[in-house]
Amino acid sequence: MAIRGGIWGIFLLIMAAVSAWQVTSGTSRIDGDVLSLIGMETADDTAAKPDIETVRDLLAQDANQAIIMVSHDQQDMLETATRALASDIESIPGTKSISLPGYESGNLARLSDFYLPHAQSLLSDKDRTLLRDGKGEPIYQNAIKTLYAPASMISATSLRADPFSLLPGFLSELGTKFGHAGISQTNGAFHTPIVISLSPDLRRNGKDSTWVDTVNNAISKAQTNAAYQSGGFGIAKTGQIFFAVAEATAAKSDVQRIAIIATLGIFVMLLSVFFSPLPLIGALITVGSGLIVGVAAVTLIFDSIHAIALVFGASLIGISVDYALHYLVLPADTTSPETRIATIRSGLSLGLLTSVLGFSVLAISPTILLAQIAVYSIAGLIAAYITVLCILPLLSPRGVKHQSFIPRIYLQFDRLLRRLQLPRMVRVTASLAILGGFALCMAFIPTNDDIRHLGQGNQTLATQARLIGETMGMGGNPMFIRIDGADSETRLQTGEAVQQALHPLIDAGVVGSAFGLSDMIPSIKRQGENRALIRDQLYAPYAQKLSALLPVPLQAPKTGTTYLHADQDTFDLLPELANLRDGATDMIRLNAVTDANAVTSALANIDTARLVNPRATITAQFAHYRNWAMTGLAIALLFAGVLAIVRYGLVAGICVLGTPAGAMLVALFGAAMMGVTINFFTIMALFLVFAIGADYVIFFSESQKHGQQDETRLAVFLSLISSILAFGLLASSSVPVVSAIGTVMAIGLLSAWVLSYVMCPSSSNADKIVAPNAP
């Protein structure tokens, strides 16, 4: 046994080294971004991207931007404060670039240089309408005014390319659609944005919290500057990075507090039961081996590990500690380690098999998150099982101090619960009713997968984001219109049709603004139409008169000249186009939508365009995950039932199955009565209730074969305490999703413990569970 223990110990050291190298080298990074959970299931690269992938890509791009709005009653003071704050933020590591739309003309000059060679292919909506109506005179008169304006920046180059000064109107309209207003005025105050581009690796390197803290310090410094205090000075900020860090900080604070309490509680429990550190060491080795091998397995199979998968995988501590406790509580007599292991091997093996079969169902799901949880849990439980068999027997046994506080408390509960004697047929009937009730509950219990219920939500940030959106028309993750098509030209033409359909809604205030790729790069068809309008409605009637006023000759637009294309060269020159196209899909970004149904109705006759709501799309994806988890849970329960019936016979097997099913049923009802939202994460908590509850009743059942019923019930009680400390305390978290998991676990595990006494009575007056073929 010492040789086996040594070999297994060496293997664990190797796995620990592999895990450390995989994570620290970046081969398998730990990803905490919720965007990594969605849109990763599609295997067919030739198929059009589903909405969820487009949403993920879009939000990933938006995640690299933050916006700070500065407000002041005096414009000169507003500029001073804005430039000072922008300078401070620009020097922070992780800031890629800073843009000040209210005080920079560089972006306009860059766009003007890009569009000037194609000026006679571009028209603003206003100019296009005038020319279509045969009203070119206002445009001609405006060209003359521009030519003689004192501050005119017209050059010989611009006159040759755009003699009728059409490009300024196009660029002005483009800026309005783009939404990056420079300076706005509301209620007597002026407002201007600071647009921050973040380094793409800021969050991947775990530096996002440091960046946010430094920005907050810079904002606090500005807010306390006496020079800015007069005149209603104010600063608001928004961006995914601010919300993500706020949620992570709240969750981390809760989890750290709970982890400290739980760890100390488990330490005190084990030391008070055994009065020796050896059992504590044995439990730590068992749990540690599961965590090490679980992480190693996931890092070797997947390119990245999501933090949620790690959290759920690490929760197998509640199962693996069961294995250790069932060995540690055995009497410290002269029995050999081999005999002690033989006493509990069947119970551990059956418990392991039940859990592995349950988690295996998740491994075959198309959802990477569920697959990671399955791999972590299966590998970790197998490792904990082997550790109990190979390493714990090498430790000197320590007997339970029955006169200590916890064993004495256990005896009181044990005497009470052992009185819960029910006839065999009553237990069978109750188990069948539980199974039927659980099936109905899973089918009809109200669920809500809205992603807004996952976090506690920072009201201050939400208020500031709303203020920036209402004042500047910026920020947030607005709805968008998805446009599909066989080629770029088709999609651009569809985008133009969509904009035409949205005009009445924009005029009515139903949609604040709409901006798409076709606004910046008109279709070839539209550019050809523009050239024809310019030629027929401007050059034909006005070229001769305008030519007499110009120092350069006029050249009418030619049909065969090069058009502006939405190709890779254009995207390289205009990086702002990146969030308007995703593969073979174009997008029109919407802002301030007050009636989504009206937008959907406006698009009814455009087959290849549809409205996409990112929040609703992600919510639907989590509903899909929940459905998969619920299906997996039902299959796991079926597997467990087959094992129980094969092992214990039909009647007793049904009673055994009734324990985890009943625990999950009570957990669902109890959580729902307490106002807990039933979603993907609460269903995943039920998986843990199922696995631990199945262990409880299996250990109770197997103890009737090897005659260690008292020790087994004590081990289950100690396991319950450790699990409640590890998971039940999560119910006190301020983060809704964490609190929901803790509530479900606490109710479910307590129920599983009580039901184990009811469904598997161990008194001499109750019928005993025996194998169906036993003599």
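As shown above, the structure is provided for reference.
Just so it is clear, the structure is predicted and the values come from calculations on it, not from any experiment.

### Some details on the overall build of the chain
Right, on to step 1. In terms of regular secondary structure, the chain is built from 28 helices and 12 strands.
Right, on to step 2. For the chain, contacts bridging at least 24 residues in sequence account for 84% of all contacts bridging at least 6.
Right, on to step 3. Surface exposure of the chain reaches about 33100 Å², of which carbon and sulfur atoms provide 60%.

### Quick notes on the nonpolar core
Right, on to step 1. Formed by 141 residues in total, the largest nonpolar core has its most connected members in Tyr323, Phe359, Phe680 and Met745.
Right, on to step 2. Ranked by residues supplied to this core, first place goes to helix α26 (residues 680-706) with 17 residues.
Right, on to step 3. Apart from the residues within four sequence positions on either side, phenylalanine 359 is in contact with Ile319, Ala374, Ser377, Ile378, Leu381, Phe687, Leu688 and Ala691.
Right, on to step 4. By size, the runner-up hydrophobic cluster in this structure holds 30 residues, among which are Ile68, Phe190, Ala218 and Val245.

### As for the packing of helix α16 (residues 405-417) against helix α28 (residues 736-759)
Right, on to step 1. The N-to-C vectors of α16 and α28 enclose an angle of 50 degrees; their axes lie 10 Å apart at closest approach. With respect to each other, α16 and α28 are oriented oblique. Where α16 abuts α28, its residues Tyr410, Phe413, Asp414 and Leu417 lie against Trp753, Val754 and Tyr757.
Right, on to step 2. Taken together, the residues of the contact of α16 with α28 sort by class into six nonpolar, no polar and one charged.

### Some remarks on the packing of helix α5 (residues 125-132) against helix α21 (residues 524-547)
Right, on to step 1. It is the contact of α5 with α21, at a shortest axis distance of 10 Å, that shows an interaxial angle of 55 degrees. It follows that α5 is oblique to α21 by the angle criterion. In the crossing of α5 with α21, the sense of the turn from one axis to the other is left-handed. Residue-level contacts link Arg128, Leu131 and Arg132 of α5 to Arg526, Glu529, Asn530, Leu533, Ile534, Gln537 and Leu538 of α21.
Right, on to step 2. Broken down by class, the residue content of the contact of α5 with α21 amounts to four nonpolar, two polar and four charged.

### Notes on the state of the cysteines
Right, on to step 1. Per the stated rule, a full pass over the model turns up zero disulfides.
Right, on to step 2. Here cysteine 760 stays unpaired: no disulfide links it, and the sulfur of cysteine 655, its closest cysteine neighbor, is 8.9 Å away.

### As for the side chain of lysine 237
Right, on to step 1. Within the element layout of this structure, lysine 237 appears in strand β6 (residues 234-238).
Right, on to step 2. Nearest to the buried, unbridged lysine 237 among oppositely charged side chains is aspartate 213, at 9.5 Å.
Right, on to step 3. A polar contact is formed between the side chain of lysine 237 and the side chain of asparagine 216, at a distance of 3.4 Å.
Right, on to step 4. Aside from chain neighbours lying at most four places away, what touches lysine 237 is Ile67, Ile68, Asn216, Ile219, Phe242, Leu461, Gln464, Ala465 and Ile468.

Rules behind the numbers
Residues numbered from 1 in each chain as written. Predicted model: local features only at pLDDT ≥ 70, side-chain atom pairs only at ≥ 80, totals over all residues. Heavy atoms only, no water. Helix = DSSP H or I, 4+ residues; strand = E, 2+ residues; numbered from the N terminus. Contact = heavy atoms within 4.5 Å. Areas by Shrake-Rupley, 256 points an atom, 1.4 Å probe, with all protein chains shown as cover. Core = buried A, V, L, I, M, F, W, Y, C linked by side-chain atoms within 4.5 Å. Buried < 20%, exposed > 50% of the residue type's maximum accessible area, 1.4 Å probe, protein only. Axes fitted to C-alpha atoms, helices over the stretch in contact; angles between N-to-C directions. Parallel < 35°, antiparallel > 145°, perpendicular 65-115°, else oblique. Nonpolar A, V, L, I, M, F, W, Y, C, P; charged D, E, K, R; others polar. Left-handed = near helix turned anticlockwise from the far one by under 90°. Disulfide = S-S within 2.5 Å. Lys, Arg positive; Asp, Glu negative; His and termini not counted. Salt bridge = Lys/Arg side-chain N within 4 Å of Asp/Glu carboxyl O. Polar contact = N/O pair within 3.5 Å; in protein donor to acceptor, adjacent residues only side chain to side chain.

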